[in-house]
Amino acid sequence: AAYDGLALVELDEDGVDKAFRADVLAGLAQEQKAVPARWFYDDAGSELFEDITRLPEYYPTRAETEILREHGDEFLDLIGPGRAVVEFGSGSSVKTPLLLRAIEPAAYVPLDISGDFLRAAAGDLAAKFPGLPVHPVEADFMREVALPDAVADMPKLGFFPGSTIGNMVARTAVDLLRSMRGTLGAGSQLLIGMDLIKDPKVLEAAYDDAAGVTAEFNLNLARRINRELGGTIPLDKLHHVARWNDTFARVEMHLEALEDIAFEVSGHRFAMTAGETIHTENSHKFSHRSQHTLLLAGGWTPLRRWLDSQGRFSLILADW
Ligand code: AVI
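About the thresholds
- Residues numbered from 1 in each chain as written.
- Predicted model: local features only at pLDDT ≥ 70, side-chain atom pairs only at ≥ 80, totals over all residues.
- Heavy atoms only, no water.
- Pairing = 2+ DSSP bridges.
- Helix = DSSP H or I, 4+ residues; strand = E, 2+ residues; numbered from the N terminus.
- Contact = heavy atoms within 4.5 Å.
- Axes fitted to C-alpha atoms, helices over the stretch in contact; angles between N-to-C directions.
- Salt bridge = Lys/Arg side-chain N within 4 Å of Asp/Glu carboxyl O.
- Buried < 20%, exposed > 50% of the residue type's maximum accessible area, 1.4 Å probe, protein only.
- UniProt positions renumbered as here; feature names shortened; annotations may be inferred.
- Phe/Tyr/Trp six-rings, centres within 6.5 Å; stacked < 30°, edge-to-face > 60°.
- Lys NZ or Arg CZ within 6 Å of the ring centre and 35° of its normal.

As annotated in an unreviewed UniProt entry, the protein carries the name L-histidine N(Alpha)-methyltransferase and comes from Croceibacterium salegens.

Take a look at the structure:
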């Protein structure tokens with residue numbers, strides 16, 4: 001499911017999401033205009049992200065699925081049976097079953113801020129694994145979460161696939177890793193997907209596919225602003241850009257103005273000159289060393305790293 005998540009959704013009298021409005025108005029007032037990537041994932045955005053995961057250029061989902069499919073025996077050796085698997089995000093219909101089948105867990109606890117996604121994913125999973133206790137928790141996993149009493153005495157395995165950690169700047173990523181430690185407790189393990197630095201052409205293609213699905217995903221954010229916040233952003237004057245930022249080791253997505261434009265959002269006026277951008281996403285990529293540094297800074301000791309057969313993506317097991 002889509003990652004959604006720093007704050008609980010709060011609606012005002014008009015049914016407008018206050019946090020969305022606050023983030024957009026503050027972000028568009030900055031010198032480098034920016035909107036946090038978590039706002040991509042309305043229903044249309046979540047469907048477009050599912051389409052992205054099937055694109056020929058977008059290798060991360062296939063690469064990580066291959067790792068999960070190939071190394072089940074080693075997961076069982078290193079993780080062992082009888083753990084409660086706590087998934088940060090409500091789970092993918094392909095990746096989660098591969099892990100659960102490999103390690104024979106005692107329970108499955110999906111955490112997600114979106115109750116709808118969570119219930120759908122938990123229901124699918126329960127149908128696939130009839131004997132497995134499933135305890136969905138509707139919560140913002142960026143903060144420490146109290147897990148259900150039913151899993152209190154079980155050792156935990158946190159599962160955070162997809163390199164979603166890469167969508168955060170280092171400071172936020174470390175905060176999240178530390179709150180995961182608090183959520184999972186002493187003796188827990190973490191299995192986390194992290195994408196690797198590679199040829200910028202391959203990276204830029206993964207975020208700017210020939211079919212234009214990622215461009216649509218990016219533009220959908222402006223469409224959402226217009227629909228939900230009374231915006232007048234001229235969508236046909238914005239163009240999708242994905243570029244490798246070597247200094248920060250990340251692919252950045254932006255919406256670039258093709259000419260000078262002016263628009264309103266929630267009654268506030270904004271202008272962009274031709275070539276100016278709204279920064280909409282960071283997707284950090286890692287070296288083996290930077291993965292270690294980030295995990296250690298977050299309080300996790302790396303135990304083992306697996307790569308896909310083409311060495312594009314990694315899955316790392318770490319412990320407390
Ligand atoms: C969810 N996240 C890990 C994706 C990524 O690769 O950073 C989001 C995405 N943005 C554009 N394409 C995919």
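Asker: Break down the sheet that holds strand E3 (residues 107-112) for me, citing the residues and quoting the values.
Answerer: Read across the sheet, seven strands follow the order E4-E3-E2-E5-E6-E13-E12 without closing on themselves; strand pairing throughout is mixed. Each end of this open sheet is capped by a strand with a single partner; those strands are strand E4 (137-138) and strand E12 (301-307). Alignment of strand E6 (residues 189-195) against strand E13 (residues 313-319), held across seven bridges, turns out to be antiparallel. Bridge pairing in E13 places Gly-193 opposite Leu-315. Along the sheet, helix H4 (residues 72-79) contacts strand E5 (156-160), E6, E12 and E13; its crossing angle with E12, the most-contacted strand, is approximately 170 degrees.

Asker: Please provide a residue-by-residue account of the pattern of salt bridges, values included.
Answerer: Going through the model one piece at a time under the given rule, you end up with 18 salt bridges. Residue Glu-216 is joined to Arg-223 by a salt bridge in which the shortest nitrogen-to-oxygen separation is 3.0 Å. Among the residues examined, Arg-223 registers a relative accessible area of 33% and is labelled partly exposed. Lys-237 is paired through a salt bridge with Asp-236; the nearest N and O atoms lie 3.8 Å apart. Looking at Asp-236, the relative accessible area reads 59%, which means it is exposed. Linked by salt bridges that have partners in common, Asp-42, Arg-224, Arg-227 and Glu-228 make up one network.

Asker: Can you break down the UniProt feature "domain: Histidine-specific methyltransferase SAM-dependent" (unreviewed entry) in the protein residue by residue, with the values?
Answerer: The feature "domain: Histidine-specific methyltransferase SAM-dependent" (unreviewed entry), as annotated in UniProt, sits at residues 20-318 in this numbering. For residues 20-318, the helix share is 36%, the strand share is 25%, and the end-to-end C-alpha distance is 34 Å.

Asker: I'd like a description of the packing of aromatic side chains, backed by residues and values.
Answerer: Evaluated as defined, the whole model comprises 13 aromatic pairs. With a centroid separation of 4.9 Å and 40 degrees between ring planes, the pair formed by Phe-20 and Trp-39 is classed as tilted. With Phe-20 in helix H1 (residues 18-28) and Trp-39 in the loop between strand E1 (33-34) and helix H2 (43-52), this pair connects stretches of sequence that are 19 residues apart. With a relative accessible area of 3%, Trp-39 lands in the buried category. Connected via pairs of aromatic rings, a cluster forms that spans Phe-40, Tyr-41, Phe-49, Tyr-58, Tyr-207 and Phe-217. Over the ring of Trp-320 we find Arg-181, and its NZ or CZ is 3.9 Å from the ring centre.

Asker: Give me the lowdown on the sheet that holds E1, citing residues and values where you can.
Answerer: Within the open sheet, the four strands sit side by side as E1-E11-E8-E7. Their pairing is mixed. Only two strands of the sheet have a single partner each, and these edge strands are E1 and strand E7 (238-245). As defined by bridge partners, E1 adjoins strand E11 (residues 277-284) across two bridges and the pair is classed as parallel. What sits directly across from Lys-33, in E11, is Ile-278.

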